[in-house]
Amino acid sequence: MMNRKSTEENTLEKKQWYFFRQRLTQFRVVCILAAVAVLCGLAVLGQGVGKKAERLEEEIPEEKKLVLFTSHKPEVYDPIVREFESRTGIWVDVRAGGTTELLEKIEESRKKGDFSCDLMFGGGIESYEAAKENFEGYRTKRKEQIIRRYQSQEDLWTPFTRLPIVFIYNNKLVGKEDAPCSWKELFTETWRGRIAFADPANSGSSCTMLETMLQVLDGDEDQILEAFARALDGSILESSGAVLEDVAAGRKMVGVTLEETARKWIDRGADLTIVYPEEGTSALPDGCAVVKGARHRKNAELFLEFIVSDDTQRFAEEYLCRRTIREDLELEAREPERKLVRFDLELAVGRQKRILEKWAVLTDEGKN
C-alpha cells in the first residue's frame, strides 16, 4: 500500500482548490492574512503550532463555532469545510466516523443531556428518517431549486447530492456483450460467486442496494433476497470500498456499488465499465441535518445553506463525481434520468430492520 498520494490524487486536489479559489471573497483573503500573521507570531514566540492551535480554539467565541459529525471521506468533507470556514470565519470541529456509529453516538449523547454535536453530514436520507427523533427541521432558502422528489416534507434533513447505484465489471475479465445488464441477470449461474457486494450490516449503501433491488423487481420479497444471497455464494465483503478493490484486482468479475465511487476509480485508471440496470436503479441522496438542541444552531443553518449553494453543488459535480440535488443547474449530462426510479423512502424505512434480519439469516446459511 502506498503511503504517499498518487499523481492523480495530487492533481485532483489541486483542481479542487483551484475551483474554490476562483470564488474567493474579500473576507477569505482577510482570513488567510490573519492566519499568516498568527503563524508568524508563533515563530517569533517559539511556541509549537499545535499547542497554540488548541489555545486558539479555546479562545474562539461560541458564536463562531460549529461541531460537525460526518461519515464522508476526507476527500469529500475537507475542501467543503475549509471553504466554509474561510467564507464565514466559523471554526468547524470535524468528527468523522461511520453513519451508524455517529447516529448512535448522537442519540446516546442526547439522552445524557449532551448537546455538543450541532450537525450530521453524510449518510443516506433513509438513515435520517430512521433516527428522526434526534433532528429538528430547517427549511433551506434553496428548497424551491431542489428536485422535488428528494425533498424532506418536514424539512427534517437537507439533501446534499444524489448517488445512483450501478453495476461495474472488469474489462479484462468480462466482455461488453457478456456483462450483466439487469438485476435479474445477477441471479443466474453465470455470476454465482463472482459478484462483489458489501455486507449491509456494515454498509448503509448496501442496505439501499438491497431495497432498490426489491423495489424495481416484481416478485416475492423472500424469493428475491434468497436469489441474490444464492448468487453471492457466501462471499460478502466487509466494506463498500472493498467492492471496487476486488473487481479492479480481478478477484471478482462484477460488483454493485455507487456511481460516485466507480467514476473515481475509472478516473484514476481502473479498467472498469459502469452499467445502469435495465429495470432501473435508485439515486438516493445523502443528507445533512441539525441535531436537536444544537448549541450553535445558526452556524449549522449556514452550513446547510452552503452545501446546496451554486458553488458547492458545481464543485460536487465536477470534482467529487456526484450528481447535483439542484434542478436549476445545467451540469454534465449523464445516463438518462429515466433509468432512475422513484425510491419509496417510507417503505424502505418501515421494513429496513426486517430486511436486514432476513438477510443475516440467509447469508449465515450460505456460509455454512
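Residues numbered from 1 in each chain as written. Predicted model: local features only at pLDDT ≥ 70, side-chain atom pairs only at ≥ 80, totals over all residues. Heavy atoms only, no water.

## A look at the sheet that holds strand β7 (residues 195-196)
- As summarised here, the arrangement of the 4 strands in space is β7-β8-β6-β9, forming an open sheet in which the pairing is mixed. Each edge of the open sheet carries a strand with a single partner, namely β7 and β9 (272-275).
- In this structure, strand β6 (residues 165-170) lies alongside strand β8 (residues 254-258), joined through 5 bridges in antiparallel fashion. Each bridged residue has a counterpart across the sheet, and for I168 the counterpart in β8 is G255.
- Each of β6 and β8 is contacted by helix α7 (residues 204-216), which is oriented at about 110° to β8, the strand it contacts most. (Pairing = 2+ DSSP bridges. Helix = DSSP H or I, 4+ residues; strand = E, 2+ residues; numbered from the N terminus. Contact = heavy atoms within 4.5 Å. Axes fitted to C-alpha atoms, helices over the stretch in contact; angles between N-to-C directions.)

## Regarding helix α12 (residues 310-319)
- Counted residue by residue, α12 has 7 buried out of 10 residues, so it is predominantly covered.
- At the C-terminal side of α12, C321 shows a positive phi close to 60°. (Buried < 20%, exposed > 50% of the residue type's maximum accessible area, 1.4 Å probe, protein only.)

## Section: the pattern of salt bridges
- Summed over all chains, the structure comprises 29 salt bridges.
- For R192, the salt bridge goes to D233, with nearest N and O atoms at 3.7 Å. Here R192, found in the loop between β6 and β7, pairs with D233, found in the loop between α8 (221-232) and α9 (241-249); they are 41 residues apart in sequence, far enough to count as distant.
- Taking the relative accessible area as the measure of exposure, R192 reaches 34% and is therefore partly exposed.
- Its salt-bridge partner being R326, residue D310 comes within 2.7 Å of it at the nearest N-O pair. In this pair, D310 sits in helix α12 while R326 sits in the loop between β11 (323-324) and α13 (345-367), placing the two residues 16 residues apart along the sequence.
- Among the charged side chains, a network of salt bridges with common partners joins E75, E260, K264, R268, D286 and R322. (Salt bridge = Lys/Arg side-chain N within 4 Å of Asp/Glu carboxyl O.)

## Comments concerning the environment of S239
- Inspection of the secondary structure puts S239 in the loop between α8 and α9.
- For S239, a relative accessible area of 36% gives the class partly exposed.

## Some points on the confidence of the model for the chain
- Averaged over every residue, the pLDDT of the chain is 85; residues scoring 70 or more account for 81%.
- Low confidence marks residues 1-5, where pLDDT is under 50. Its contacts with residues over four positions away, or in another chain, come to 2 contacts.
- Note on residues 23-53: pLDDT is under 50 here. Beyond four places in sequence and across chains, it has 21 contacts. (pLDDT = per-residue confidence, 0-100.)

## A closer look at the packing of α9 against helix α10 (residues 259-267)
- Between α9 and α10, the shortest axis-to-axis distance is 10 Å and the interhelical angle comes to 40°. Between α9 and α10, the angle is such that the two are oblique. Crossing of α9 over α10 shows right-handed handedness. Facing L244, E245 and A248 of α9, the residues of α10 in contact are T261, A262 and W265. (Parallel < 35°, antiparallel > 145°, perpendicular 65-115°, else oblique. Left-handed = near helix turned anticlockwise from the far one by under 90°.)

## What to know about the state of the cysteines
- Under the criterion given, the structure shown has 0 disulfides.
- In this model C117 remains outside any disulfide bridge; the closest cysteine sulfur is found in C288, 9.8 Å from its own.
- Overall, C117 belongs to the buried group, its relative accessible area being 6%. (Disulfide = S-S within 2.5 Å.)

## Focus on the side chain of R323
- For R323, the location among the structural elements is in strand β11.
- Among the residues examined, R323 registers a relative accessible area of 3% and is labelled buried.
- A polar contact is formed between the side chain of R323 and the side chain of E259, at a distance of 2.8 Å. (Polar contact = N/O pair within 3.5 Å; in protein donor to acceptor, adjacent residues only side chain to side chain.)

## Remarks on the pairing of strand β3 (residues 119-124)
- Counting buried residues in β3 gives 5 out of 6 residues, a clear majority hidden from the surface.
- Strand direction decides the pairing type here: β3 and strand β10 (residues 285-291), joined by 4 bridges, are antiparallel. Across the sheet, M120 pairs through a bridge with A289, a residue of β10.

## As for the environment of I274
- Position of I274 relative to the elements: it lies in strand β9.
- Relative accessible area serves as the criterion here: at 21%, I274 is assigned to the partly exposed category.
- For the pair formed by I274 and V256, sequence separation is 18 residues and the distance between their alpha carbons is 9.8 Å.
- When sequence neighbours within four positions are dropped, the list of residues in contact with I274 reads V166, F167, I168, A262, R263 and I266.

## Section: the packing of α7 against α8
- Following both chains from N to C, one finds α7 and α8 inclined at 125°, their axes separated by 10 Å at the closest point. When the axes of α7 and α8 are compared, the pair comes out oblique. Every pair of crossing elements has a handedness; the one defined by α7 and α8 is right-handed. Between α7 and α8, the residues in contact are L210, M213 and L214 and E221, I224, L225 and F228, respectively.

## Some remarks on the packing of aromatic side chains
- Here the structure, examined in full by the defined rule, presents 11 aromatic pairs.
- Arranged with centres 5.2 Å apart and planes meeting at 70°, the rings of F121 and F160 form a pair that is edge-to-face. A residue pair is termed long-range when its members are at least 10 positions apart, and F121 in strand β3 and F160 in strand β5 (residues 158-162) qualify at 39 residues. Here F121 matches F160 in class, with each residue buried.
- Ring geometry for Y128 and F135: centres 5.3 Å apart, planes at 40°, overall tilted.
- In this structure F135 comes out as buried when scored by relative accessible area, which is 2%.
- Through successive ring pairs, a cluster of aromatic residues spans F84, F121, F160, F303 and F306. (Phe/Tyr/Trp six-rings, centres within 6.5 Å; stacked < 30°, edge-to-face > 60°.)

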